[in-house]
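Analysis of the macromolecular model
Residues per chain, in single letters:
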Amino acid sequence: MTTPKSNPSQQNSQLSPEQYARLKAEAVAPYRGLRQFIYIGFGASGVIGAVVFFAQLLAGRNVASALPNLALQVGVVALMVGLFRWEQKASRRPSGPK
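The structure displayed is predicted, hence computed values, not measured ones. (Residues numbered from 1 in each chain as written. Predicted model: local features only at pLDDT ≥ 70, side-chain atom pairs only at ≥ 80, totals over all residues. Heavy atoms only, no water.)

1. Section: the pattern of salt bridges
Once the charged atoms of two side chains with opposite charge are near each other, the side chains can pair. Put simply, the rule reads: Take a side-chain nitrogen of Lys or Arg and a carboxyl oxygen of Asp or Glu: if they are within 4 Å of each other, that pair is a salt bridge. Put simply, DSSP H or I for four residues or longer makes a helix, DSSP E for two residues or longer makes a strand, and each gets a number counted from the N terminus. Each residue is placed in one exposure class: buried if its accessible area under a 1.4 Å probe, protein chains only, is under 20% of its type's maximum, exposed if it is over 50%, and partly exposed if it falls in between.
Across all of its chains, the model carries 2 salt bridges by this definition. In this structure, Glu87 engages Arg32 in a salt bridge whose closest nitrogen and oxygen atoms are separated by 2.9 Å. Here Glu87 is found in helix 4 (residues 63–92), whereas its partner Arg32 is found in helix 3 (residues 32–59), with 55 residues between them in sequence. In this structure Glu87 comes out as buried when scored by relative accessible area, which is 9%. One salt bridge connects Glu87 with Arg35, and the closest N-O pair in it is separated by 2.7 Å. Note that Glu87 is positioned in helix 4 and Arg35 in helix 3, a separation of 52 residues in sequence. Sharing partners across several salt bridges, the network here consists of Arg32, Arg35 and Glu87.

What follows is the structure in structure tokens.
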């Protein structure tokens, strides 16, 4: 049984180097996986909405309201792609010693 005042080097030796690296990466950027999942979900929603509004434009129904909605959905998709790429770039960036 370890006490709260135990030596941190002893605790590190109990973890494999892979586990330690994964925990350290999570401490640097918490919830990165959750954010990426949200970006993918919202991006997929935007694609579905864009397809629906594009179909309405092709059919000629409610062109006055479908065009701004299509532009909004395309903007959502572009934003989610940008945020996802930014997140990927940040995860590949080496973190300096602290």
